[in-house]
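# Breakdown of the fold
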Amino acid sequence: MRKLVVAVSLALAVGCVSKSQYLALESQYAASQETVTAQQQRIAKLDEDLRKGSVLAETAAQKLAELRREFQPLVDRGVLEVTVDEGPIAIGTAAEVLFPSGSADLSAEGRATVTEVSRLLAKRSDREFQVEGHTDSEPIASAAFPSNWHLGSARAINVVQVMIAAGMAADHISAATFAETRPVGPNDSAAGKAKNRRIEVVLLPDLSTLPTYQALMEQGRPPRQGKKGHRPPAKRH
């Protein structure tokens, strides 16, 4: 850019530049200035996004630590575990803790566990939750449950109903089923299958806090799922 300015100045000094050439050089200089300004703005935006991302990561870590402290008594009893699955925080409970084998009706112990979890989560009235039903790969084909999809959904819905009865806001909770499609253990062993038969309560991310959210809104493409956010597809191994 400095070279361009010098070139224009020298050319004018020796009187060898026509008016049209001068205007062309002036236009090039203005264009280069615009490019530099645009690049500076882009760098500033990237720096701001990076800062926001760091803040979000720190906040998520704090929330995870807080949840683990609150749920530690249940974790110590082996009733549930608190994990992070590619972003969202998930509170997982083995299906055997909640339901009799092949059933979607909560046992007395299961109902008590869900109620205890609900009372802790109900304090987070600003968050939305999704209850997910997962199964192992063993097919089920009964009159009540024609497939694992039906079993997973029935279990998730029944858990949601108990959570609402325990004080969770109905408009901040939803139910989903993934059947056997998201295993967390191998389905070729009894232990692996037991891990896969589970209920997870997922804290949905608040997309409005993401650096790209405002850009999506300005483009007229708001997130489609939920008021706060959605859970990205899991990649389990």
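These remarks concern the structure in this document. (Residues numbered from 1 in each chain as written. Predicted model: local features only at pLDDT ≥ 70, side-chain atom pairs only at ≥ 80, totals over all residues. Heavy atoms only, no water.)

## Notes on the sheet that holds strand β2 (residues 89-94)
The mixed open sheet is built from five strands, whose spatial order is β1-β2-β5-β3-β4. The sheet is open, and its two edges are formed by β1 (80-84) and β4 (173-179), each paired on a single side. On average, adjacent strands in this sheet sit at an angle of 25 degrees to one another, irrespective of strand direction. With six bridges connecting them, β2 and strand β5 (residues 198-203) associate as antiparallel partners. In the strand pairing of β5, Thr 93 is matched with Ile 199. Packed on one face of the sheet, helix α5 (residues 148-165) meets β3 (129-134), β4 and β5 and runs near 160 degrees to β4. (Pairing = 2+ DSSP bridges. Helix = DSSP H or I, 4+ residues; strand = E, 2+ residues; numbered from the N terminus. Axes fitted to C-alpha atoms, helices over the stretch in contact; angles between N-to-C directions. Contact = heavy atoms within 4.5 Å.)

## So, unusual backbone geometry
In this model, Ala 179 sits at a positive phi of 50 degrees, which is unusual for a non-glycine residue. Tracing the sequence through the fold places Ala 179 in strand β4. For Ala 179, a relative accessible area of 1% translates into the label buried. (Buried < 20%, exposed > 50% of the residue type's maximum accessible area, 1.4 Å probe, protein only.)

## Digging into the packing of aromatic side chains
Inspection of the entire model under this criterion finds zero aromatic pairs. For Arg 182, the ring lying beneath its charged end belongs to Phe 178, and the centroid distance is 3.9 Å. (Phe/Tyr/Trp six-rings, centres within 6.5 Å; stacked < 30°, edge-to-face > 60°. Lys NZ or Arg CZ within 6 Å of the ring centre and 35° of its normal.)

## Observations regarding the environment of Arg 111
Tracing the backbone shows Arg 111 in helix α4 (residues 108-121). Measuring from C-alpha to C-alpha, the distance between Arg 111 and Val 162 comes to 7.1 Å, with 51 residues separating the pair along the chain. Once residues within four sequence positions are removed from consideration, Arg 111 is found in contact with Leu 106 and Val 162.

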